Each structure stands twice: as structure tokens, then as C-alpha cells.
Amino acid sequence: MYRKKSSEEDILILAVETSCDETSASVVKNGLEVLSNVVASQVELHRKYGGVVPEIASRKHLELINPVIEEALLEAGIGFADLDAVAATYGPGLVGGLLVGLSAAKALAYVLDIPFIGVNHITGHIYSNFISNKEIKAPVVCLTISGGHTVLLYFEKLGDYRILGGTKDDAAGEAFDKIARVLGIGYPGGPAIEKISKSGNPAAVDFPRPLINEENYDFSFSGLKTAVINYLHNRQQRGEEVNIADVAASFQQAVIDILIAKIIRAVENNPVNSVILSGGVSANSALKSQLAEKLKGYNLPLYTPELSLCTDNAAMIGSVAYFKYLKGEFSPLSLSARANLKLY
Ligand code: KG4
Ligand code: ZN
């Protein structure tokens, strides 16, 4: 049986991430110090198919996993014997890819007789903020906004969060993608809407902002989505011209107003020192600038992860694993891949 180290000692974790089309391994010291973060991207391999082909991705992960792990150890200047734990993403993601990373990590933990720690990929994206911005001070309010998630979290201290609320229906990114599709302006929808909105008037159409005044931290975007679709249909039926840029800008502003209102509610009702954003929608510059402006009134800084840590990488998984290690939250070797693992 292994001895669990205390937070006074240096803890070295090898983490692997294989949930989509990046094979990545990283050595992280004490949760926030990245000694290596090797990412082998398969983007070029899948480009000709117009999207990630799961079977091709798993085969490539299988080919790359061992060299990528070796490279991560080499770059970190350590050997297997120096490791205190091995971590891997166990969901959400493509099940074939997840299984490759999980099996490699579990095999290593077993052979080295050290703990194995399974990590939720979405939690990883949140923690990439803490690696990127070491000055983040708890307590923290964190909004995670991606294609599959819209969740508001509260961190009393790093490593310990509780969920304040989340979406009742669509995720924010999903709403962006669906509206971009009905407007016929391309995929992924978020960047397309952001771009065209720059030439539109955000006050042109007064779309509804569901749940914005409710005394909770929940979100709902399906009513807003329906309102945009109805608006377009009505115009078309009356033979009136639609200004796509105005509709996009008004929709985007409605989403931004909702997101900011719930963050501000969290800031006003809890002791808070920092606000962080994570997930694809946090790339939206209108959201970032309006939120940062609003937070100035509360003397609060807004943080987002640096670009290299926004895309999939194993360092963020190693960071989550460290905080789990300190709490003794180890996973059994029977832990399996969960394609639809949720945070909320
Ligand atoms: O976190 P992410 O990269 O992937 C997953 O959801 O797994 O998020 C992707 C989502 C998509 O829905 C995309 O439309 C949205 O993030 N997104 C944006 C922007 N860039 C990406 N939404 C609004 N504005 C953007 N600039
Ligand atoms: Zn990801």
C-alpha cells in the first residue's frame, strides 16, 4: 500500500487527456506548477472529414499515448519512480479515446503502486484558470459556459467548489450554435454571431431574458431561442426584410445580460475576491468587456485562461487531480469511461 503525502510535501502527478482529438500528457507539481504539457494534436488528420472521426481518433491515441507520456516525463526531468499519482480524464468525451488514456493511466498506477485519480474534463477546463492566473484569490465565482454546459460555481477555496445553479434547458453555446444555424451564418455559431454582431445594433430587437430577475442562479435559453425564431418567421411571413446583424447582436446582448445578471447576483450574495470564466463561450469579447466593466464597480478582477490552456490539455487534469489527491479522493481501477459525464 502506498503512503499518501501531505500538502507540506512536493506532489508530482502525471496526467493524461484523450477525450477528443488531442493526445496529451503532463507532469504537474503541487497542482499549479506545470513541469511539462505535451499535446499531440490530431486536427490535421480529421480535417479532411470535416470533424473528428471517433474510430480514427482512438487508433491515433493508441499510437501516441506512450511516446507522449515518455516525452512529458523527459521534459519534466523526472522518471516514473518520482511520481506520486497518475490521473486521467474519464469523461465527458469520445469513449474510445477516453479508454486509451484511462487504460494507460490505470496500468501505470497499478505497476508503480501509486494512486489513480479519474478527472472530469469540464472540471479540468475550470482549473486551467488557476494554472494560468496564479494570482487568483479565493473565494471565487466561476461561470462555465460551453457547448454542453452553463454552470455557476462558487469556490470557497481552491479545490473546493459548490454548484450555485445551471441551465434548465440549452447551454449558452448551444443557443449560439442554434441561432447561427437559423440565421444561416455558419458553424460554430458563437464566433460567427460575435463577428456579425459587430455591425449590428444590440438594442434593435428587445428579445426576452428568461429567469433574469428570478432569485436564483439558474439559466434558461430555450425561450430566448424560440423568440428569435418566431421573430424571424413573423418578418418572413409579412415579407419584411430581416437585418441579420441586428438580430444576431440583439440575441447576443440578451445572452450577455442574462449571464452577467447571474454572476452579479452571486457576487452580491457571497464573499468574493475573483471572478473567472471558462468554456468556449468565454472567448466572446463583448461578454468579457461588459462583464469586466461591471465588475469594476465591485473592485473585482475577471480572469480567463491563456489561450494555450483553453484548448484540451493534460495539465488542467493534473491540477484537478492534485486537489483530489490532498483530499484522498482516489479512484478505483475499475473506473470506466463515461461519454456523457456531467458536472451539473
Ligand atoms: O468549451 P468548448 O470549446 O467545447 C465544448 O462545448 O465542448 O465550447 C464550444 C462552444 C460552442 O457552442 C461555440 O459556439 C461557443 O463555445 N463559442 C462561442 C465563441 N467561441 C466559441 N460563443 C460565443 N462567442 C464566441 N466568441
Ligand atoms: Zn475540452
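That block above? That's the structure.
How each quantity is defined
Counting from 1, residues in each chain are numbered in the order their sequence is written. As they are written, the chains are lettered A onward and the ligands numbered 1 onward, keeping that order. Residue-level local features of this predicted model are given only where pLDDT is at least 70; pairs of side-chain atoms are given and counted only at 80 or more, and the full residue set underlies all totals for whole chains, interfaces and linings. No hydrogens and no water enter the side-chain calculation; it runs on all heavy atoms of the structure. Helix numbering and strand numbering both begin at the N terminus, where a helix is a DSSP run of H or I of at least 4 residues and a strand a DSSP run of E of at least 2. The globule rule used for comparison is 2.2 Å times the number of residues to the exponent 0.38, while the radius of gyration itself is calculated over C-alpha atoms. Note on classification: 1.4 Å probe, protein chains only; a residue is buried when its accessible area is under 20% of the maximum for its type, exposed when over 50%, partly exposed between these limits. Contact between two residues is taken to exist if any of their heavy atoms lie within 4.5 Å; hydrogens are not considered. The term bend refers to the angle at a residue between two fitted axes, each drawn through seven residues, those ending there and those starting there. To be near a molecule or strand, a residue needs just one of its heavy atoms within 4 Å of it. Pairing of N or O atoms within 3.5 Å defines a polar contact, subject to two protein rules: one partner must be a possible hydrogen donor and the other a possible acceptor, and residues neighboring in sequence count only if both atoms are side-chain atoms. All accessible-area figures derive from a Shrake-Rupley calculation using a 1.4 Å probe, and residue coverage is judged against the displayed protein chains alone. Within 6.5 Å between ring centres, the rings of Phe, Tyr and Trp (the latter by its six-membered ring) count as paired, and their orientation is classed by plane angle as stacked under 30 degrees, edge-to-face over 60, tilted in between. Two strands pair if DSSP finds at least two bridges between them.

A. Geometry of the overall build of the protein. When helices and strands are counted, the protein shows eleven helices and ten strands. The C-alpha radius of gyration computed for the protein amounts to 21 Å, which stays within 12% of the reference 20 Å derived for 344 residues, consistent with globular compactness. Expressed as lengths along the three principal axes of its C-alpha atoms, the size of the protein is roughly 70 × 50 × 30 Å. A burial count over the protein gives 54% of its 344 residues as buried. Restricting to contacts in the protein with at least 6 residues of sequence separation, those with at least 24 account for 73%.

B. Highlighting helix α2 (residues 54-76). Of all the bends found along α2, the most pronounced is centred on Leu-64 and spans about 40°, while Pro-67, a proline, follows it within four residues. On its buried side, α2 packs onto β1 (12-17), β2 (22-29), β3 (33-41), α1 (43-47) and α3 (95-112). Of the residues one or two after α2, Gly-77 is the one with positive phi, at around 70°.

C. Representation of the site of ligand 1 within the structure. Surveying the vicinity of ligand 1 reveals 16 residues, the closest of which are Gly-147, Asp-177, Gly-190, Glu-194 and Gly-280. Take Glu-194: an N or O atom from its side chain is 2.7 Å from a nitrogen atom of ligand 1. Residue Asn-284 places a side-chain N or O atom 3.0 Å away from a nitrogen atom belonging to ligand 1. Considering ligand 1 on its own, with 550 Å² of exposed area, one finds that the protein chains cover 70% of that surface.

D. Looking closely at the packing of aromatic side chains. By the definition in use, this model includes ten aromatic pairs. A ring pair is formed by Phe-219 and Phe-221, whose centres lie 6.3 Å apart and whose planes are at 15°; its orientation type is stacked. Overall, the relative accessible area of 0% leaves Phe-221 in the buried class. Aromatic ring contacts, followed pair by pair, group Tyr-127, Phe-130, Phe-155, Tyr-161, Tyr-322 and Phe-323 into a single cluster.

E. Examining the pairing of strand β8 (residues 160-166) more closely. Here six bridges tie strand β7 (residues 150-157) to β8, and the two strands are oriented antiparallel to one another. Pairing of Tyr-154 across the sheet is with Arg-162, part of β8. The antiparallel hairpin formed by β7 and β8 contains two residues in its connecting segment, where Gly-159 sits at a positive phi of about 95°.

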